[in-house]
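Structural features, examined
Spelled out from the first residue to the last, the chains are:
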Amino acid sequence: MTQLKDRYPSFGADPTQCKDLAAQFPEKLEEMKNIWFAQAGKYNGLPLDDRSTSAVLGEPRPQLSEPRNEYTYYPGCSEVPEAVAVNIRGRSYKITATVCFSDSDSEEISTVPAIQGMTLSVGGQLHQISGPMDLSQGATINIDGRSYNIKTVVEKVQTLPAKVLPELNQQVKGVLFAHGGRFGGHSLYIHENQLCYVYNWLGQYEQKVSCPLPENPSGSYLFSVKFDKTGTDEQNSTLGNVSLYINDRPQSVIITTNGMSLRSYADKAPFKTQPGKFSLSGEGLNVGRDGGQPVSRDYESPGEFEGATIEQVVVYVENDQGETNTDKEFAGMLWRD
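Residues numbered from 1 in each chain as written. Predicted model: local features only at pLDDT ≥ 70, side-chain atom pairs only at ≥ 80, totals over all residues. Heavy atoms only, no water.

1. Regarding the overall build of the protein
To be explicit about the condition: A run of H or I in DSSP becomes a helix once it reaches four residues, and a run of E becomes a strand once it reaches two; helices and strands are each numbered from the N terminus. Buried means the residue's accessible area, taken with a 1.4 Å probe over protein chains only, is under 20% of the maximum for its type, while exposed means over 50%, and partly exposed covers the values in between. It only takes one pair of heavy atoms within 4.5 Å for two residues to be counted as in contact. The protein chains shown are the only cover counted for residues, whose accessible areas, like all others here, come from Shrake-Rupley with a 1.4 Å probe.
Helix and strand counts for the protein stand at 3 helices and 17 strands. Split into buried and exposed, the 337 residues of the protein put 36% on the buried side. Here the analysis covers contacts within the protein between residues at least 6 apart in sequence; of these, 68% occur between residues at least 24 apart. Just so you have it, the protein exposes about 20,500 Å², and 48% of that area is on carbon and sulfur atoms.

Given below as structure tokens:
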């Protein structure tokens, strides 16, 4: 705070605070100022943050772990906020999803342990609970200050192995990886028997590359997209080439922008990525779904993946970002406006 104007408004008699009473009550004004500074010191409110908005939103914040070149995410994880998710801005990167398809010839049956119930003895009284359940604290058995004994009943039940859990011949579709949303983000997904990758540049250019899936896939597959940085444009957007890979083999791709087919490429297509964050808040990173507004027009939220099993998604980033300019990053976040 560069200037502190001494003002003393009367909130009771003057709820709109139009009448300045600083000159009339100078002692009260000084008392209120001293109270404010005392409370600010007590609760670590000083020094006051006089940075610009771009600096507040753009400068790096303390993280639990140091930035690295490889990030691994698993299906079923909570949405990862952009502040702690992998940062691909201005960089080359590669996203690889490991997917296990159903084996139509497999009839293997396995057994797994399952909880059938439990008995709880408290103060000589026996309580029996059948099957898994979730009880509120008010409805549970009170063990406070008592001796107790818990026994669980576990039996083996037959089940299909994890790799054949999806229904046989079920259409494989949905989001493998998504980060961002309608007004900026990128997504790797399967749609209409095609492996697709979309980079949505600020909601204005929905750049998409796609290639056919293998016929009758069985077992584990690696589905990858790679962005190789080549430079920047006058808007500070990063330019580069995008390639799709299946089991580490480059695929011929078709590129479209905003739903209009442009041309096909033997192994890579030109893309550009935005300079700023995908959003000011929300629209984090997801695996197996797109929880917010969809990145691509090909699916509706949440676009949950089905028909096969995602084992993991690994994101690799290169250290070719160059010098970070927080003002330009902030301008990039608001470029569409």
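2. Description of the pattern of salt bridges
Short version of the rule: Here, a salt bridge means any Lys or Arg side-chain nitrogen found within 4 Å of an Asp or Glu carboxyl oxygen.
Applying the stated criterion to the full structure yields 8 salt bridges. Here Glu 30 ties to Lys 33 by a salt bridge, and the two come within 3.2 Å at their closest N and O atoms. Here Lys 33 and Glu 30 lie together in helix H1 (residues 26-42), a separation of 3 residues that amounts to about one turn. Accessibility expressed as a relative area gives 38% for Glu 30, which makes it partly exposed. Residue Arg 297 is joined to Glu 206 by a salt bridge in which the shortest nitrogen-to-oxygen separation is 3.4 Å. With Arg 297 in the loop between strand S16 (285-287) and strand S17 (308-317) and Glu 206 in strand S9 (residues 205-212), this residue pair connects regions lying 91 residues apart in the sequence.

3. Re the pairing of strand S8 (residues 194-201)
Cut-off, in case you're wondering: Strand pairing is assigned whenever DSSP detects at least two bridges linking the two strands.
Among the 8 residues of S8, 7 are classified as buried, and the element is accordingly described as predominantly covered. Sheet analysis places strand S7 (residues 184-191) next to S8, joined by 7 bridges and oriented antiparallel. Its bridge partner lying in S8, Ile 190 is registered against Leu 195. With antiparallel pairing between neighbouring strands as the criterion, S7 and S8 make up a hairpin whose turn holds 2 residues, including Glu 192 at a positive phi of roughly 50 degrees. Here 8 bridges tie S8 to S9, and the two strands are oriented antiparallel to one another.

4. What to know about the nonpolar core
So the rule is basically this: Buried Ala, Val, Leu, Ile, Met, Phe, Trp, Tyr and Cys residues form a nonpolar core when they are joined through side-chain atoms within 4.5 Å.
Grouped together as the largest cluster of nonpolar side chains are 42 residues, with contacts concentrated most on Leu 176, Tyr 197 and Phe 223. Val 175, Ala 178, Val 198 and Tyr 299 belong to the second largest nonpolar core, which has 7 residues in total.

5. Overview of the confidence of the model for the protein
In plain terms, the rule: Confidence of the predictor at the level of single residues is given by pLDDT, which spans 0 to 100.
In the predicted model, the protein carries a mean pLDDT of 80, and 70% of its residues have values of at least 70. This model gives residues 160-169 a pLDDT under 50, and the stretch forms 22 contacts once residues within four places in sequence are excluded.

6. Examining H1
Residues three or four positions apart in an α-helix share a direction because the helix packs 3.6 residues into each turn. Stated precisely, the cut-off is as follows: Expected span of a helix: the number of residues minus one, times 1.5 Å.
With 17 residues, H1 ought to run about 24 Å at 1.5 Å a step, and its terminal C-alpha atoms sit 24 Å apart, in line with that. Count one or two residues on from H1 and you reach Asn 44, which has phi positive near 55 degrees.

7. Some thoughts on the pairing of strand S2 (residues 93-101)
In terms of burial, S2 is largely enclosed, as 8 of its 9 residues are buried. Pairing of S2 with strand S10 (residues 219-232) involves 9 bridges; the strand directions are antiparallel. Paired with Ala 97 across the strands is Phe 223, a residue of S10. Examined bridge by bridge, S2 and S17 share 9 bridges and lie antiparallel to one another. Across the sheet, the residue bridging to Ile 95 is Val 315, located in S17.

8. Considering the packing of aromatic side chains
Operational definition: Between rings of Phe, Tyr and Trp, where Trp is taken as its six-membered ring, a pair exists when centres lie within 6.5 Å; planes separated by under 30 degrees are stacked, by over 60 edge-to-face, and by other angles tilted.
Here the structure, examined in full by the defined rule, presents 9 aromatic pairs. Here Tyr 197 and Phe 271 contribute two aromatic rings whose centre-to-centre distance is 6.3 Å and whose plane-to-plane angle is 25 degrees, an arrangement assigned as stacked. Of the two residues, Tyr 197 is situated in strand S8 and Phe 271 in strand S15 (residues 269-273); the sequence distance between them amounts to 74 residues. By relative accessible area, which is 0% here, Tyr 197 ends up buried. The class of Phe 271 is buried, set by a relative accessible area of 4%.

9. Let's talk about unusual backbone geometry
For the bond from Leu 46 to Pro 47, the omega torsion is 0 degrees, close enough to zero to count as cis. Take Pro 47: it is sitting in the loop between H1 and helix H2 (53-58). Of note, the amide linkage connecting Ser 301 to Pro 302 takes the cis form, showing an omega dihedral of 10 degrees. Among the structural elements, Pro 302 can be located in the loop between S16 and S17. Of note, the phi angle at Asp 248 is positive, near 70 degrees, even though the residue is not glycine. The partly exposed category is assigned to Asp 248, whose relative accessible area is 49%.

10. Regarding a nonpolar patch on the surface
Worth spelling out the cut-off: Like-charged residues are merged into a patch within 9 Å and nonpolar side chains (Val, Leu, Ile, Met, Phe, Trp, Tyr) within 5 Å, provided each residue has over 30% relative accessible area and no salt bridge.
Taken together, the side chains of Trp 36, Phe 37, Leu 46 and Leu 48 present a nonpolar region at the surface, about 370 Å² in accessible area. Tracing the sequence through the fold places Leu 48 in the loop between H1 and H2. Note on Leu 48: relative accessible area 33%, which makes it partly exposed.

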